[in-house]
Amino acid sequence: MNYAATLAVLVVLAFCFPLTVQLAAQVGVPEAVVISLLGALVTFGLATFTVRWQVNRHRAHLARLEAARAQVAADPQNPRAYFVGGEHLGTLLLRLDRRREAAEVIDRYARLGGARESEIVALREALSRAERRQRRAQGGNA
């Protein structure tokens, strides 16, 4: 279910809940049922909040990725252009599960004259870990 549909369902449930409680009281539904329903609504609300938080976090990652790409496009020979907010473009790509792009960026960065060897090694290790995780996940699905 997407974000808009989740919010629509939450709004409908919030509107209908008081009416449902009154109807349940008139019919004689036990209080435990009403409390269970309230618990389900709270759970749904928390799920909605979590979805919203994850969507906003993903958008922020994409914005940082675009900023880093713009920096690299503006000055591709500057090793510092590969960093945005202290994080390397390759790391951002790995976080978004774009290993092939990350490998290309790391190789380009490694060929630059001012790139630090320790940063290159750390980036290659992160890429290697991401590839191992993917192989384990594919092995588990087979």
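If you're wondering where the values come from, they're calculated on a predicted model, not measured in any experiment.

Focus on the nonpolar core
Of all hydrophobic cores here, the largest spans 22 residues; its most connected members are Leu65, Tyr82, Leu89, Leu93, Leu94 and Tyr109. Those elements that place two or more of their residues in this core are helix H2 (31-74), strand S1 (83-84), helix H3 (89-95), helix H4 (99-111) and helix H5 (117-141). Looking at this core, the element that brings in the most residues is H5, giving five residues. Every residue in contact with Leu93, bar those within four places of it in the chain, is listed here: Leu65, Arg69, Arg98, Glu101, Ala102 and Val105.

A closer look at the packing of aromatic side chains
If you walk through the whole model with that rule in mind, you get two aromatic pairs. Between Phe83 and Tyr109, the aromatic rings sit 6.0 Å apart at their centres with planes inclined by 75°, giving edge-to-face as the arrangement. Here Phe83, found in strand S1, pairs with Tyr109, found in helix H4; they are 26 residues apart in sequence, far enough to count as distant. We note that Phe83, like Tyr109, is buried. By way of ring pairs, the aromatic residues Tyr82, Phe83 and Tyr109 are connected into one cluster.

Quick word on helix H1 (residues 3-27)
For an α-helix, the turn length of 3.6 residues means that residues three or four places apart are oriented alike. Given a rise of 1.5 Å per residue, 25 residues ought to cover 36 Å, and the 35 Å separating the end C-alpha atoms of H1 matches this to within 8%. Helix geometry: H1 is bent most strongly at Cys16, by close to 35°, with proline Pro18 lying one to four residues after it. All of the buried residues along H1 are Thr6, Phe17 and Ala24. Just downstream of H1 lies Gly28, where phi reads positive at about 100°.

Points about the UniProt feature "transmembrane region" (unreviewed entry) in the chain
Taking the UniProt record as the reference, the feature "transmembrane region" (unreviewed entry) is found at residues 34-55. Helix makes up 100% of residues 34-55 and strand 0%, and the two end C-alpha atoms of the span are 32 Å apart.

Topic: the environment of Ala4
Looking at where Ala4 falls in the secondary structure, it is placed in helix H1. For the pair Ala4 and Arg52, spaced 48 residues apart in sequence, the C-alpha to C-alpha distance is 9.9 Å.

What counts, and where the lines are drawn
- Residues numbered from 1 in each chain as written.
- Predicted model: local features only at pLDDT ≥ 70, side-chain atom pairs only at ≥ 80, totals over all residues.
- Heavy atoms only, no water.
- Core = buried A, V, L, I, M, F, W, Y, C linked by side-chain atoms within 4.5 Å.
- Buried < 20%, exposed > 50% of the residue type's maximum accessible area, 1.4 Å probe, protein only.
- Helix = DSSP H or I, 4+ residues; strand = E, 2+ residues; numbered from the N terminus.
- Contact = heavy atoms within 4.5 Å.
- Phe/Tyr/Trp six-rings, centres within 6.5 Å; stacked < 30°, edge-to-face > 60°.
- Expected span 1.5 Å × (residues − 1).
- Bend = angle between axes of the 7 residues up to and from the residue.
- UniProt positions renumbered as here; feature names shortened; annotations may be inferred.

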